[in-house]
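In case you want the letters, here they are:
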Amino acid sequence: GKPTLYGSLTRRGLSAEGLPDIAASEGFVVGGVTKKSILVSCPHENVSTKFLAPYTTFCRIHQKSITCLDISSGGGLGVSTSTDGTMKIWQAANGEIRRLLEGHVYDVNCCRFFPSGLVVLSGGMDAQLKIWSAEDASCVVTFKGHKGGILDTAIVDRGRNVLSCSRDGTARLWDCGKSACLGVIADCGAALNGIAVGAADNSLNLGMPENAPSEREVGTEGKILLLAREDKKLQGVGLQSRQPMFLFVGSDAFNCCTFLSSTYLLAGTQDGNIYQLDMRNTKRVPEPGTPIQVIHRSGAPVLSLLPYQDGFIASQGN
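Because the structure is a prediction, the values reported are computed rather than measured.

Student: Explain the pairing of strand β21 (residues 244-249) to me, please; I cannot follow it from the model alone.
Tutor: Relative to β21, strand β20 (residues 233-238) runs antiparallel, the two sharing 5 bridges. Each residue of the ladder has a partner; that of Lys 233, found in β21, is Val 249. In this antiparallel pair of consecutive strands, β20 and β21, the connection spans 5 residues, and Arg 242 shows a positive phi of 65°.

Student: Teacher, can you tell me more about the layout of surface pockets here?
Tutor: Where empty space is left in the structure can be found by rolling a water-sized probe over the atoms. In this structure, the largest pocket encloses a volume near 2100 Å³. What lines the largest pocket is a set of 46 residues, among which Cys 68, Leu 69, Arg 112, Ser 304 and Leu 305 lie closest to the centre. Among the elements that line the lining of the largest pocket, the one with the most residues is strand β6 (residues 66-71), at 6 residues. Here the lining of the largest pocket is built from residues that sort into 28 nonpolar, 12 polar and 6 charged.

Student: Teacher, can you tell me more about the domain arrangement of the chain here?
Tutor: Bring the parts together and some accessible area is lost; that lost area is often taken as the interface size. On domain assignment, one finds that the chain holds domain 1 (9-52) and domain 2 (66-316). Centre-to-centre separation of domain 1 and domain 2, based on C-alpha positions: 38 Å.

Student: Got a minute to help me understand a nonpolar patch on the surface in this structure?
Tutor: Taken together, the side chains of Ile 66, Leu 69 and Ile 71 define a hydrophobic patch exposed on the protein surface, amounting to about 270 Å² of accessible area. Along the chain, Leu 69 falls in strand β6. For Leu 69, a relative accessible area of 48% translates into the label partly exposed.

Student: Can you walk me through the side chain of Gln 235 in this structure?
Tutor: Residue position: Gln 235 is located in strand β20. For Gln 235, a relative accessible area of 11% puts it in the buried group. Polar side-chain contacts of Gln 235 include one of 2.6 Å to the side chain of Arg 229. Residues contacting Gln 235, with those up to four places away along its chain left out, are Cys 188, Leu 225, Leu 226, Leu 227, Arg 229, Pro 244, Phe 246 and Leu 247.

Student: Please explain the nonpolar core as it appears in this structure.
Tutor: Nonpolar side chains in soluble globular proteins tend to be buried together. Ranked by internal contacts, the top residues of the largest apolar core, which has 25 residues, are Val 79, Leu 101, Phe 143 and Val 162. Secondary structure elements with two or more residues in this core: β7 (77-82), β8 (87-91), β10 (108-113), β11 (119-124), β12 (129-133), β13 (139-143) and β14 (150-156). Looking at this core element by element, the count peaks at 4 residues for β10. Discounting residues that sit within four places of it in the chain, Val 162 has contacts with Phe 114, Leu 121, Leu 129, Phe 143, Ala 154, Ile 155, Arg 172, Leu 173, Trp 174 and Cys 176.

Student: Before we go on, may I ask you to explain the side chain of Ser 122 in this structure?
Tutor: Along the chain, the position of Ser 122 falls in strand β11. By relative accessible area, which is 0% here, Ser 122 ends up buried. Side chain to side chain, Ser 122 and His 104 meet in a polar contact 2.7 Å long.

Student: Sorry if this is basic, but what is going on with the sheet that holds strand β4 (residues 37-42) here?
Tutor: Consider a sheet: its strands pair through backbone hydrogen bonds, and that pairing is either parallel or antiparallel. The 3 strands lie next to each other as β3-β4-β5, forming an open sheet whose pairing is antiparallel. Where the open sheet ends on each side, the last strands, each with one partner, are β3 (29-33) and β5 (47-52). Taking the axes of each pair of neighbouring strands and ignoring which way they run, one obtains an average angle of 20° across the sheet. Judged from the 4 bridges that link them, β3 and β4 form a sheet pairing that is antiparallel. Pairing of Val 33 across the sheet is with Ile 38, part of β4.

Student: What's the story with the pattern of salt bridges in this structure? I'm lost.
Tutor: Two side chains of opposite charge can pair, provided their charged atoms sit close to one another. By the definition in use, this model includes 7 salt bridges. The salt bridge partner of Arg 242 is Glu 217, with a shortest N-O separation of 2.7 Å. Note that Arg 242 is positioned in the loop between β20 and β21 and Glu 217 in the loop between β18 (192-199) and β19 (223-229), a separation of 25 residues in sequence. Note on Arg 242: relative accessible area 24%, which makes it partly exposed. One salt bridge in this structure joins Asp 278 and Arg 280, with 2.9 Å as the shortest N-O distance. For Arg 280, a relative accessible area of 38% gives the class partly exposed.

Procedures and definitions
- Residues numbered from 1 in each chain as written.
- Predicted model: local features only at pLDDT ≥ 70, side-chain atom pairs only at ≥ 80, totals over all residues.
- Heavy atoms only, no water.
- Pairing = 2+ DSSP bridges.
- Helix = DSSP H or I, 4+ residues; strand = E, 2+ residues; numbered from the N terminus.
- 1 Å grid on protein atoms, 1.4 Å probe; cavity = no way out; pocket = protein on both sides within 12 Å on 5 of 7 lines; lining within 4 Å.
- Points joined across faces, edges and corners; volume = space filled by probe spheres on them.
- Nonpolar A, V, L, I, M, F, W, Y, C, P; charged D, E, K, R; others polar.
- Domains from an automatic or database assignment.
- Patch = residues over 30% accessible without salt bridge, like charges linked within 9 Å, V, L, I, M, F, W, Y side chains within 5 Å.
- Areas by Shrake-Rupley, 256 points an atom, 1.4 Å probe, with all protein chains shown as cover.
- Salt bridge = Lys/Arg side-chain N within 4 Å of Asp/Glu carboxyl O.
- Buried < 20%, exposed > 50% of the residue type's maximum accessible area, 1.4 Å probe, protein only.
- Polar contact = N/O pair within 3.5 Å; in protein donor to acceptor, adjacent residues only side chain to side chain.
- Contact = heavy atoms within 4.5 Å.
- Core = buried A, V, L, I, M, F, W, Y, C linked by side-chain atoms within 4.5 Å.
- Axes fitted to C-alpha atoms, helices over the stretch in contact; angles between N-to-C directions.

Structure representation (structure tokens):
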């Protein structure tokens, strides 16, 4: 809610140690400079940021913005999608392109490796979900059923089942072996921007399924599906039961969500809020529990969240 503060950094030369001598404009202070980092603070606002030099830059993989990427569990391969219309698999060590994955019509929105690291799941604006072989770039399976572009995916356990969410307002569970839809987990009437699946704490009541689950459903028991909705709502659904667990209303459209643990979750909104919630305290569906905390660093949209060590990493649109 405050006006943005602008400043500049100027390099004045080299210090005796061979490090750049950097001065900041009024209101900003350069705290420390190493060969790989610059620490800049704004004492008046009591904030500081450390700018880190990249270890490596891969300039030749894509020609335009990168919209999504993932690294295989072993760390050897990367997969990424771009607004240049391509999806590529590359070596994480040196950025050497290994495979070009072609088959989606229009933009590919999301890509991720299965736990094996040999297979990739992708979803596109063509409403198709595809599974690819990282070894020969063939498209092994195409799932059709969504009526709008797919915006996010999730993999259940080792990947016999996968999940997708779409602009059509539905989240669907798919069976990879039979390439069939096992069911619509949720139909929200508003675009679903992000999903996450996680194991629930034993104290949470996940509800009972109305019909016995198909034997093709593997690993859905005891799991919660989080839905980040365009209509400012964050919803929790029992994955096997398909029963709604909680509905939390935020300040703006939810873009992304993730689990910090079996009880805590995080979700980010278009107006820059990151909500940390305790699922045990969101039971009163009409008026959910208050968040543990709301983090607001800037008004830029929160685009992705990832648990990391004791905290998390967030990316924003600024």
